[in-house]
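Examining the three-dimensional arrangement
Residues per chain are reported as follows:
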Amino acid sequence: MLRVGIVGVSGYGGGELARLLSQHPLVELTHVVSNTYKDQPLSAAFPGMARRTSLICKSLDLDAVIADCDVVFLAQENGFAMKHVGKLLAAGKKVIDLSADFRLKDLSLYPAYYKFEHASPELFAQTVYGLPELNRDAIKGAALIANPGCYATAAALSLAPLVADSLVDSSSIVVNAMSGVSGAGRSKHNLTYHFPELNESATGYGLAGAHRHTPEIEQTLTEAAGGKTVTLSFTPHLIPITRGILSTTVAKLTSDIDAAALVDRFRSYYRTAPFVVVLDAGQVPATKHTQGTNFVHIGLAVDKRLGRVTVVTAEDNLVKGAAGQAIQNMNLISGFDEKAGLMMAAIWP
């Protein structure tokens, strides 16, 4: 059995990792770190884990993590991994980081979008961006995985087949995405996330390219386009649901192609991607269709009048957008079936 640990287990991403790993047939969850719940059972942080595990939350001790684990998931705030991952890698451990610390290859973007200088630029040589649908082969041999952001996952999978074949004008892309409140994390306590402020309301934020996932999405799509620069307008929205992302992308087509042909193109592009479901032309996904799963559902439509394509993509921000994708990456770096522990159906209704 592969021994795995979670540093930052009591956040939403860490808790989802614990839930999914506890039912994984090929791993043993051996070490969980939470300063908030130090010396308490994991079920104190997540009552739904009662009788699933007897693990006790520990305070951070990297030597103990190294002794107990083969693979370590880092589910802490941005800025943590870059300070600690070097010791884990030096000890021969494989690390999957759920923060943004190793996602952006252009280090000059960190002060602009994350308000800090990068502390460990030398580690990027060992890092692979962990979007399996685009980087599967590279992930298999990696020591450090930068797990993608939730919005970035939805946007990249919506657009990769289009930019790879130059089917859209790469300067015409507009992405509007909506996320459930769990995407903000468990430790946010300002008024924005209070039930009376959030319920029966929706709001945009990170306008005019200010959201930190914008450069991550552009970087991923530029690589998918073979190095041709892709720029886009990205606007996220907070909506009053607990989990889920619905991303709507519009772009100008470069040729006269219909929705059925685009569906065929997407299905061909994702033919080896077990978690991408491309719907028939005219079908539209919803967040409920992917809730609690590692699947992504993609729907396509073409506006012949304007020559534009609309791509609607649904995912669970805590699973495919975070913990499930991290486990998918763990499966790949460990030589397991990519689907192991991740084939659960959506919760319905």
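One can find the structure itself at the top, above this paragraph.
This report concerns the structure included in the present document. (Residues numbered from 1 in each chain as written. Predicted model: local features only at pLDDT ≥ 70, side-chain atom pairs only at ≥ 80, totals over all residues. Heavy atoms only, no water.)

Turning next to the pairing of strand β9 (residues 232–238). For β9, the buried fraction is high: 5 of the 7 residues fall into the buried class. The pairing of strand β7 (residues 173–179) with β9 spans 7 bridges and is classified as parallel. Bridge pairing links V175 to F234 in β9. Bridging between strand β8 (residues 203–204) and β9 involves 2 bridges; their strand directions are antiparallel. Within β9, the residue paired with G204 across the bridge is H237. (Buried < 20%, exposed > 50% of the residue type's maximum accessible area, 1.4 Å probe, protein only. Helix = DSSP H or I, 4+ residues; strand = E, 2+ residues; numbered from the N terminus. Pairing = 2+ DSSP bridges.)

Next up on the list: the sheet that holds β7. Each strand in a sheet pairs with another by means of backbone hydrogen bonds, the pair being arranged parallel or else antiparallel. Across the sheet, which stays open at both edges, the 7 strands sit in the order β8-β9-β7-β10-β13-β12-β11 with mixed pairing between neighbours. With one partner strand each, in any of the chains shown, β8 and β11 (276–278) form the two edges of the open sheet. With respect to the sheet, helix α10 (residues 259–269) is in contact with β11, β12 (296–303) and β13 (308–315), its orientation differing from that of β12 by roughly 150°. (Contact = heavy atoms within 4.5 Å. Axes fitted to C-alpha atoms, helices over the stretch in contact; angles between N-to-C directions.)

Axis separation between helix α6 (residues 132–140) and helix α11 (residues 319–333) bottoms out at 9 Å; the angle between their running directions is 35°. For the crossing formed where α6 meets α11, the hand is right-handed. Contacts from P132, E133, R136, I139 and K140 in α6 reach K320, Q325, Q328, N329, L332 and I333 in α11. Partitioned by chemical class, the residues of the contact of α6 with α11 number 4 nonpolar, 3 polar and 4 charged. (Left-handed = near helix turned anticlockwise from the far one by under 90°. Nonpolar A, V, L, I, M, F, W, Y, C, P; charged D, E, K, R; others polar.)

Take unusual backbone geometry next. Here the residue pair W348 and P349 is connected by a cis peptide bond, since its omega of 0° sits within 30 degrees of zero. You will see that R51, though not glycine, has its phi angle at about 70°, which is positive. Mapped onto the secondary structure, R51 falls in the loop between α2 (42–45) and α3 (62–68).

Here N294 lies in the loop between β11 and β12. Given a relative accessible area of 0%, N294 falls into the buried group. Side-chain polar atoms of N294 contact the backbone nitrogen of K320, separated by 3.5 Å. Polar contacts involving the side chain of N294 include one to the main-chain amide nitrogen of Q325, which spans 3.3 Å. (Polar contact = N/O pair within 3.5 Å; in protein donor to acceptor, adjacent residues only side chain to side chain.)

Counted according to the given criterion, the structure contains 13 salt bridges. Between R243 and D316 there is a salt bridge; the shortest N-O distance is 2.9 Å. Of this pair, R243 sits in the loop between β9 and β10 (245–252) while D316 sits in the loop between β13 and α11, placing them 73 residues apart in sequence. The class for D316 is buried, based on a relative accessible area of 1%. Residues joined by salt bridges that share partners form a network here, namely E16, R19, R243 and D316. (Salt bridge = Lys/Arg side-chain N within 4 Å of Asp/Glu carboxyl O.)

Counted residue by residue, strand β2 (residues 27–33) has 6 buried out of 7 residues, so it is predominantly covered. In terms of strand pairing, strand β1 (residues 2–7) meets β2 through 6 bridges, oriented parallel. By the bridge assignment, I6 is partnered in β2 with V32. Tracing the backbone out of β1, into helix α1 (residues 12–21) and back to the parallel element β2 gives a crossover that is right-handed. (Right-handed = clockwise from strand over helix to strand, strands pointing away.)

Right, let's talk about the packing of aromatic side chains for a bit. Counted under the stated rule, the structure contains 8 aromatic pairs. Geometrically, the ring pair formed by F102 and F124 is tilted, given 5.3 Å between the ring centres and 50° between the ring planes. Remark: F124 occurs in the loop between α5 (109–114) and β5 (127–129) and F102 occurs in the loop between β4 (94–97) and α5; sequence separation between them is 22 residues. Comparing F102 with F124 shows no difference in burial state: the two are buried. Aromatic ring contacts, followed pair by pair, group Y110, Y114 and F116 into a single cluster. Across the ring face of F46, the terminal group of R186 is positioned such that the distance to the ring centre comes to 4.6 Å. (Phe/Tyr/Trp six-rings, centres within 6.5 Å; stacked < 30°, edge-to-face > 60°. Lys NZ or Arg CZ within 6 Å of the ring centre and 35° of its normal.)

All right, on to the environment of V95 then. Along the chain, V95 falls in strand β4. A relative accessible area of 0% means that V95 is categorised as buried. Between the C-alpha atom of V95 and that of L144, which follows or precedes it by 49 residues, the distance is 4.9 Å. Ignoring any residue separated from it by four or fewer positions in sequence, one finds V95 in contact with V72, L74, V85, L88, L89, A143, L144 and I145.

So, about the nonpolar core. By size, the foremost hydrophobic cluster in this structure holds 41 residues, and its most contacted members are L162, Y270 and V309. With 11 residues, helix α7 (residues 150–164) is the largest single contributor of residues to this core. Setting aside residues up to four positions removed in sequence, L162 forms contacts with L167, V168, L262, F266, V309 and V311. Judged by nonpolar contacts, the second largest core, of 39 residues, contains F46, V319, M330 and I333. (Core = buried A, V, L, I, M, F, W, Y, C linked by side-chain atoms within 4.5 Å.)

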